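Here is what each chain is made of, one letter per residue.
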Amino acid sequence: MVILQQGDYVWLDLKTGREFDVPVGAVVKLCDSGQIQVLDDEGREHWISPQNATNIKPIHPTSIHGVEDMIRLGDLNEAGILRNLLIRYNERVIYTYTGSILVAVNPYQLLPIYTPDQIRLYTNRKIGEMPPHIFAIADNCYFNMKRNNKDQCCIISGESGAGKTESTKLILQFLAAISGQHSWIEQQVLEATPILEAFGNAKTIRNDNSSRFGKYIDIHFNKRGAIEGAKIEQYLLEKSRVCRQAHDERNYHVFYCMLRGMAPEMKAKLGLGRATDYSYLTMGNCTECDGRDDLSDYSSILSAMKVLMFTETESCEISKLLASILHMGNLRFEARTYDNLDACVVVRSPDLVTAASLMEVEPKDVMVCLTTRTLITRGESVTTPLSVEQGLDVRDAFVKGIYGRLFVWIVEKINAAIYRPPSCESGIIRRSIGLLDIFGFENFVVNSFEQLCINFANENLQQFFVRHVFKLEQEEYNLEDISWQHIEFTDNQDALDMIANKPMNIISLIDEESKFPKGTDATMLYKLNSQHKLNSNYMPPKNSYETQFGIQHFAGMVHYESRGFLEKNRDSLHTDIIQLVHSSKNKFIKQIFQADVAMGVETRKRSPTLSSQFKRSLEMLMRTLSVCQPFFVRCIKPNELKKPMLFDRELCIRQLRYSGMMETIRIRRAGYPIRYSFAEFVDRFRVLMPGVKPAHIQADLRGTCMQIVSAQLGKHEDWQIGKTKIFLKDHHDMQLEIERDKAITDKVILIQKVARGLKARTNFLRLRSAVIFIQKVWRGYRSRKNYQIMKSGFIRLQAVCRSRKFYRNYRITRHRITLLQARCRGFLIRQAFGRRLRAVLTIQAYTRGMIARRLCQRLRAERQHRLEAERQRLAEEELLRNQMTIRRAKAEAERKHQERLNQLAQQQEEREREEKEESRRKKELLEQMEREKEQPVDHSDMVDRMFGFLGDSGPLPNKDGQGPAGFEDLEKTPRGEEAEEVLNEAPPLPDEDEEDLSEYKFSKFAATYFQGVSTHTYIRRPLKQPLLFHEDEGDQLAALAVWITVLRFMGDLPEPKYQMVINDGSEKIPVMTKIYETLGKRTYKRELQELQVEGEVSSTDTQKRNSVRHKLVSLTLKRKSKITEEVTRRLTEGSDYVLQGNSMLEDRPTSNLEKLHFIIGNGILRPALRSEALLQSKTKLNTDDKSVESFNIGDMIYFIDTQEKS
Ligand SMILES: Nc1ncnc2c1ncn2[C@@H]1O[C@H](COP(=O)(O)OP(=O)(O)OP(=O)(O)O)[C@@H](O)[C@H]1O
Ligand SMILES: [Mg+2]
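Residues numbered from 1 in each chain as written. Chains lettered and ligands numbered in written order. Predicted model: local features only at pLDDT ≥ 70, side-chain atom pairs only at ≥ 80, totals over all residues. Heavy atoms only, no water.

Naming follows an unreviewed UniProt entry, where the chain appears as Myosin VIIAb of Kryptolebias marmoratus. The Subcellular location (unreviewed entry) field of the UniProt record for the chain holds the comment "Cytoplasm". Under the UniProt heading Sequence similarities (unreviewed entry), the note attached to the chain is "Belongs to the TRAFAC class myosin-kinesin ATPase superfamily. Myosin family." (UniProt positions renumbered as here; feature names shortened; annotations may be inferred.)

Have a look at this one:
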């Protein structure tokens, strides 16, 4: 059971069942929930249930980040190797070692790793000293050769497009660079490549520059290590490409280069047009190749040919042959029937003529050669016609024959230029480095004879490779004194034996059948089956109709299609064609067909088949290789799309399998796959044994290794210790790794424990001190708060106690005072009462006396009147007695007397009524006064009553008016007797002490306090400076403005010119009424009081004071007028109030009310100005002018004074 943690790397086996699927590396993302979430190398997420946990197994630590030498991988299997390559490829590292093999993954992009600097870096370095590189291989080849005086070879294999040719070229360049001669021969060797590539490479779907032949370049070095020459061996050129190309593929580059680059005259001479004109070049529907420049390539080919000593004539002849091939390809055949036999004719066309003329043969001969076949039986020659298909086949065979031989001739020509045969002088030794750029193992859907040859070659190379690797292993074990007898490995010898070594092998059977006149593909297959059906490496067809047979190669089973085998193997040209060539006048074509022409018909029949030729050259190659020290380069193609940074896992696994690299691994696994140098081992596993010091300070590394390994694995286990290394089996390494993991985990846990403990402790201490601090602060705060509460409680308690005490004292005192007061009041009242009583009694006595006297006087007056009346009656009676009888006179006198009495009585009654009326009126007056006394004083009314006369007289000066209300009686003349009587009767006022006021004279005050030349007298012009000193500039200006207003109010200064009448209706209302309306109203008083209270309460608060001031001003200057509004505004602006340019003073005339408002407003609300306004007004009184305005000014003084006092 694997215990996983987040971040662990695992192998994830998806078990898809696909042939090339291997476990993929993945990292654990989540594992705490029931399921495990992993993210694989491809970036896909997988959820794995615990039941499927067998699908995952931990990755060996060496596989996590990749290693340079894959032999070191703990997971030495396909998955491990693939992941290692992937990790490095993703980091653009394309080279990796597997032991002595260099694995090169095609980057499909130009990497900056092939510079001269890199060449210098890799020169003369051991493998492993520097990161893996193709230069390291080349360098080792070169220096091994020089050091060991032994030939070297480098076997570069891989699929088409994997980078074999590029690697070969890189090695060649490196060797040329480090051999350092820059010689002509060196140049020639390098220039061979473009020619070979032009004639032997073509664009295929797998590779735009695919080598369609195998080659072995043997580079020869002299004693000093300089390139002395080279020899090129070519294998199995794909001739069929000249006649057929698959879709999107091209013919050999040379055709396209020639058609693009050849001079027009030359082209005309050869009858050539464009590539699209030739059916041999357009079969793949592709005449252009991206990334290739056919034009410049052609000039490189020509210059390379020159370097390689191709003569002009030869170049020209080559072109002629190539042109004739193209023309041949354009020949058209028509079907005919002669004597019931299928026949054909070649349509006469310019192509035929040109082709014939280029080959310097008769067109007729060409036609005959292509449409008939001559058979010679028993000395007789018989000509049979050919069908169209057969005709086309003959033509294609002819063309292939020409091209194949041309290619061989070119290689020979190059070799003639670059090859120097070894000198016969005995002392001179020559060493070589061979570079084998050969097609890798192939397994297509349909595999033909070529694939058999290729795979046969690869079987040989694999055998060579396996033996070499095993030998290396053996060497290493020997070197390290390790016993290795029991190591076994399987190789592909059986398969090789079946294909080519043992009697009746597959190649020899095919060969034999090819030479057998009646041999067909079917008879060949039959023979193969009957011979090898029991061989485990052979798979016969499933039934008799099947034409495919299978061979188990080292890289897997391949099924070959037997049809066409013999034809391809024979690879011979018909005698007619040879005859045609023979008839040619062209020496060059004759030269390339020289061998065929020289042979007789019979010999030609017995001439070696393709397979036997190939086998022979392969044997030679293997012989050459076997005496060399080999290096292996395995090229891997990461994707089929020729794209950089794209890694196709299945494609790569397939190539890894076909590369035979797994064999190395198997061999290694069979022995001791894991090996560590002592230092590495000690450093890696010393953790398993406490007290073991690091390797660099260890004296006895071997002994320490022994100790560790015996302690961990046991003495008798199958591990071995060599001279410099320790050799372990896989499971031992696994065991050691597990133990190491455990030990490290323990240590890690210990470190974590301590670190966490330290962290937690530090954290705890910090928290604790923080908590203590908070507690301290909190407790302090709480105590202070409680103390404050208690303190205030005690203060309250004290206050309550004291208040109680005071209250009790107070009540006692109050009671006593009340008592005292009561007594005093009683006493006083009684005293007053006594006084009053006495007074009342006196008043009563006087009043009664007065009443009695008045009654007495009235009675006396009545008696007087009555006496007067009686006297008158008597006088009348006397008078009448003379006129009438006494009686009558008496009666008459009596009647008149009675009349006078009645009149008197009436007068009496009248007087009494008047008195009653008078007393009633007085009583009412008294009652009214009593009522008024009860009511609050209406100052407005009072002022109105006082100043009402001003309104009546109008604003115009010098007009008399009525006296103010309440003063009317002053103007009434006193009523004679009554007034006299009252005055007489009124008790006299007490005398007051007269105070001497001469000391407080205004003139004296003015002389003392007034500024400048100002005197106490009134002047009728504006003041230059205020009367009193004011600190504030605003106050100074306001003082001057007030004076101007006073002057205007007095009429001593004219109003400004502006004649706009302010008609707010205020003119009709008496001025003082208006003032009192604003200033004297009860509401105003109340508001004023409120504001004052407010002002007192927060007298420190300036802002509030300002608002109070504002309200006061707005209350004072309540009347709506533009001027007052402005004054209000300016006043409310406080000290910023500047009267300069005051619109009220300068803009327009103002009403008296406005002036009053202004004066009073300033006088009252600017405290500093109150005295000023008062004094200014007072000076007015010191004038001779006794007009009404003076009186008004007096009122104002009174008003301001009262305001001041209030
Ligand atoms: N080391 C490299 N750096 C950059 N590009 C490379 C490298 N190796 C190969 N390539 C690219 O891959 C292409 C194919 O390489 P190359 O012709 O060597 O393949 P090959 O193995 O010889 O194939 P074939 O068997 O078809 O001849 C090259 O044309 C080049 O673009
Ligand atoms: Mg190639």
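Chemist: Would you take a moment to explain the overall build of the chain for this structure?
Modeler: Check the secondary structure of the chain and you find 41 helices and 24 strands. Across the chain, the fraction of contacts at a sequence separation of at least 24, relative to all contacts at a separation of at least 6, is 66%. For the chain, the exposed area adds up to about 67300 Å²; of that, 54% sits on carbon and sulfur atoms. (Helix = DSSP H or I, 4+ residues; strand = E, 2+ residues; numbered from the N terminus. Contact = heavy atoms within 4.5 Å. Areas by Shrake-Rupley, 256 points an atom, 1.4 Å probe, with all protein chains shown as cover.)

Chemist: Is there a simple way to think about the coordination of the magnesium ion (ligand 2) in this case?
Modeler: Between any two of four tetrahedral donors, the ideal angle at the metal is 109.5 degrees; between two of six octahedral donors, it is 90 or 180 degrees. Protein ligation of the magnesium ion (ligand 2) involves Thr 165 (OG1) and Ser 211 (OG), the donor distances falling in the range 1.8 to 2.1 Å. Of the two residues, Thr 165 is situated in helix α4 (residues 164-179) and Ser 211 in strand β10 (residues 210-211); the sequence distance between them amounts to 46 residues. The exposure class assigned to Ser 211 is buried, which follows from its relative accessible area of 15%. (Donors = N, O, S within 2.8 Å, 3.2 Å for Na, K, Ca; no water. Buried < 20%, exposed > 50% of the residue type's maximum accessible area, 1.4 Å probe, protein only.)

Chemist: Can you walk me through the site of ligand 1 in this structure?
Modeler: Of all residues adjacent to ligand 1, which total 18 residues, the nearest are Ser 160, Gly 161, Lys 164, Thr 165 and Ser 210. A distance of 3.4 Å separates an oxygen atom of ligand 1 from a polar backbone atom of Asn 209. A total of 620 Å² of accessible area belongs to ligand 1 in isolation, and the protein chains cover 86% of it. Here the shell around ligand 1 takes 3 residues from α4, the largest share from any one element. Of the residues assigned to the shell around ligand 1, the class counts are 5 nonpolar, 10 polar and 3 charged. (Near = heavy atom within 4 Å. Polar contact = N/O pair within 3.5 Å; in protein donor to acceptor, adjacent residues only side chain to side chain. Nonpolar A, V, L, I, M, F, W, Y, C, P; charged D, E, K, R; others polar.)

Chemist: Can you help me understand the sheet that holds strand β19 (residues 548-553) in this one?
Modeler: Within a sheet, neighbouring strands are paired by backbone hydrogen bonds and run either parallel or antiparallel to one another. The strand order across the open sheet formed by 3 strands is β18-β19-β20, and the pairing between neighbours is antiparallel. The sheet terminates laterally at β18 (538-539) and β20 (556-561), the two strands that pair on one side only. Both β18 and β19 contribute to a ladder of 2 bridges, which runs antiparallel. Bridging from a neighbouring strand, Met 539 pairs with Gly 550 of β19. (Pairing = 2+ DSSP bridges.)

Chemist: Can you walk me through the packing of aromatic side chains in this structure?
Modeler: The geometry of an aromatic ring pair is captured by the separation of the ring centres together with the interplanar angle, meaning the angle of the planes. With the rule as written, the count across this model stands at 25 aromatic pairs. Ring centres of Tyr 676 and Phe 681 lie 6.0 Å apart, and the angle between their planes is 55 degrees; this geometry places the pair in the tilted category. Summarising the burial analysis for this pair, Tyr 676 and Phe 681 share the class buried. Among the aromatic residues, those joined into a cluster by ring pairs are Phe 449, Tyr 538, Phe 549, Tyr 560 and Phe 565. Its guanidinium or amino end placed over the ring of Phe 685, Arg 684 lies 6.0 Å from that ring's centre, counting from NZ or CZ. Of note, Lys 729 hangs over the ring of Tyr 672, and the distance from its end group to the ring centre comes to 4.9 Å. (Phe/Tyr/Trp six-rings, centres within 6.5 Å; stacked < 30°, edge-to-face > 60°. Lys NZ or Arg CZ within 6 Å of the ring centre and 35° of its normal.)

Chemist: Hey, could you run me through the pattern of salt bridges in this one?
Modeler: Any two side chains of opposite charge can pair, on the condition that their charged atoms come close. Enumeration according to the criterion identifies 54 salt bridges in this entry. Note that Glu 233 and Lys 231 form a salt bridge whose closest N and O atoms lie 4.0 Å from each other. Residue Glu 233 is classed as partly exposed on the basis of its relative accessible area, which comes to 28%. (Salt bridge = Lys/Arg side-chain N within 4 Å of Asp/Glu carboxyl O.)

Chemist: What is the right way to read the nonpolar core from this model?
Modeler: Inside soluble globular proteins, nonpolar side chains tend to come together where they are buried. Counting 193 residues, the largest nonpolar core has Phe 199, Phe 255, Ile 318, Tyr 403, Ile 414 and Leu 625 as the members making the most contacts within it. Sort the elements by how many residues they give to this core and helix α12 (residues 388-418) lands first, with 14 residues. The contact partners of Ile 414, leaving out residues within four places of it in the chain, are Ala 192, Ile 195, Leu 196, Ile 232, Leu 308 and Phe 310. Core analysis: the second largest hydrophobic core is formed by 23 residues, Ala 1006, Met 1050, Phe 1158 and Leu 1175 among them. (Core = buried A, V, L, I, M, F, W, Y, C linked by side-chain atoms within 4.5 Å.)

Chemist: What am I meant to see in the pairing of strand β4 (residues 45-48) here?
Modeler: Each regular strand displays side chains that alternate between the two surfaces of the sheet. Side-chain alternation along β4 places His 46 and Ile 48 on a buried face and Glu 45 and Trp 47 on a face that remains uncovered. Where strand β3 (residues 36-40) and β4 come together, 4 bridges link them in antiparallel fashion. The residue of β4 that forms the bridge with Gln 37 is Trp 47.

Chemist: Whenever I open this one, the environment of Asp 139 confuses me. Can you help?
Modeler: Inspection of the secondary structure assignment puts Asp 139 in helix α3 (residues 134-148). With 35 residues separating them along the chain, Asp 139 and Phe 174 place their C-alpha atoms 7.7 Å apart. Those residues in contact with Asp 139, other than ones at most four positions away along the chain, are Tyr 122, Thr 123, Asn 124, Arg 125, Phe 174 and Ile 178. For Asp 139, the side chain forms a polar contact with the main-chain nitrogen of Asn 124, separated by 2.5 Å.

Chemist: I would appreciate a short explanation of the sheet that holds strand β17 (residues 431-439) in the present structure.
Modeler: The 7 strands lie next to each other as β6-β7-β21-β8-β17-β11-β12, forming an open sheet whose pairing is mixed. Across the chains shown, the open sheet's two edge strands, defined by having one partner strand only, are β6 (95-98) and β12 (227-235). Averaged over all neighbouring strand pairs, the angle between strand axes comes to 20 degrees, with direction disregarded. Two elements, strand β11 (residues 214-221) and β12, share 8 bridges in a ladder whose sense is antiparallel. (Axes fitted to C-alpha atoms, helices over the stretch in contact; angles between N-to-C directions.)

Chemist: Looking at this structure, how should I read the side chain of Glu 442?
Modeler: Of note, Glu 442 is situated in the loop between β17 and α13 (449-479). Buried and without a salt bridge, Glu 442 has Arg 212 as its closest oppositely charged side chain, separated by 5.5 Å. Here Glu 442 is in contact with Asn 447, Gln 451, Ile 454, Asn 455 and Val 558, once residues within four sequence places are set aside. (Lys, Arg positive; Asp, Glu negative; His and termini not counted.)

Chemist: What should I look at first to understand the packing of helix α25 (residues 678-685) against helix α26 (residues 701-713) in this one?
Modeler: The packing of two helices is summarised by the inter-axis angle and the distance between the axes. Between α25 and α26, the shortest axis-to-axis distance is 9 Å and the interhelical angle comes to 45 degrees. The orientation of α25 relative to α26 falls into the category oblique. For α25 against α26, the interelement crossing comes out left-handed. Here α25 contributes Phe 678, Ala 679, Phe 681, Val 682 and Phe 685 to the contact with α26, which in turn contributes Leu 701, Arg 702, Thr 704, Cys 705, Ile 708 and Val 709. Tallied by class, the residues present in the contact of α25 with α26 amount to 9 nonpolar, 1 polar and 1 charged. (Parallel < 35°, antiparallel > 145°, perpendicular 65-115°, else oblique. Left-handed = near helix turned anticlockwise from the far one by under 90°.)

Chemist: Teacher, can you tell me more about α25 here?
Modeler: Residues separated by three or four positions in an α-helix point in the same direction, a consequence of the helix having 3.6 residues per turn. Of all the positions in α25, only Phe 678, Phe 681, Val 682 and Phe 685 are classed as buried. Taken around the axis of α25, the buried residues stretch over an arc of 95 degrees, which confines them to a single face. Elements that come into contact with the buried residues of α25 comprise β22 (674-677), α26, β23 (720-721), β24 (725-728) and α27 (730-881). (Arc of directions from axis to C-beta.)

Chemist: Please explain the packing of helix α5 (residues 184-200) against helix α8 (residues 294-307) as it appears in this structure.
Modeler: Two elements in contact, α5 and α8, have axes separated by 8 Å at closest approach and are oriented at 135 degrees. Considering the angle they form, α5 stands oblique to α8. Note on packing geometry: the crossing formed by α5 with α8 is left-handed. The segment α5 lies against α8, with Trp 184, Gln 187, Gln 188, Glu 191, Pro 194, Ile 195, Ala 198 and Phe 199 engaging Ile 301, Ala 304, Met 305 and Val 307. By residue class, the composition of the contact of α5 with α8 is 9 nonpolar, 2 polar and 1 charged.

Chemist: For this particular structure, what's the right way to read the pairing of β6?
Modeler: Burial of the side chains of β6 extends over both faces: Tyr 95 and Tyr 97 are buried on one face and Thr 96 and Thr 98 on the other. The pairing of β6 with strand β7 (residues 101-105) spans 4 bridges and is classified as antiparallel. Residue pairing across strands places Tyr 97 opposite Leu 102, the latter belonging to β7. Between β6 and β7, which pair antiparallel one after the other, the connecting turn spans 2 residues, and Gly 99 there sits at a positive phi close to 65 degrees.

Chemist: Would you mind going over a negative patch on the surface with me for this structure?
Modeler: The grouping of Asp 342, Glu 389, Asp 393 and Glu 567 at the surface amounts to a negative patch. Along the polypeptide, Glu 389 turns up in helix α12. (Patch = residues over 30% accessible without salt bridge, like charges linked within 9 Å, V, L, I, M, F, W, Y side chains within 5 Å. Charge placed at Lys NZ, Arg CZ, Asp CG, Glu CD.)

Chemist: Looking at this structure, I do not really get the state of the cysteines. What am I missing?
Modeler: In protein chemistry, a disulfide is the covalent bond that joins the sulfur atoms of two cysteines. Applying the stated criterion across every chain yields a total of 0 disulfides. Cys 141 takes part in no disulfide bond, and the closest cysteine sulfur, belonging to Cys 154, lies 4.8 Å away. Residue class for Cys 141 comes out buried when judged on its relative accessible area of 1%. (Disulfide = S-S within 2.5 Å.)

Chemist: Is there a simple way to think about unusual backbone geometry in this case?
Modeler: Negative phi is the rule for most residues except glycine; trans is the rule for most peptide bonds. In this model, Arg 92 sits at a positive phi of 60 degrees, which is unusual for a non-glycine residue. You can call Arg 92 partly exposed: its relative accessible area is 46%. Notably, Tyr 108 is not glycine yet its phi reads approximately 55 degrees, a positive angle. Looking at the element boundaries, Tyr 108 is found in the loop between β7 and α2 (116-122).

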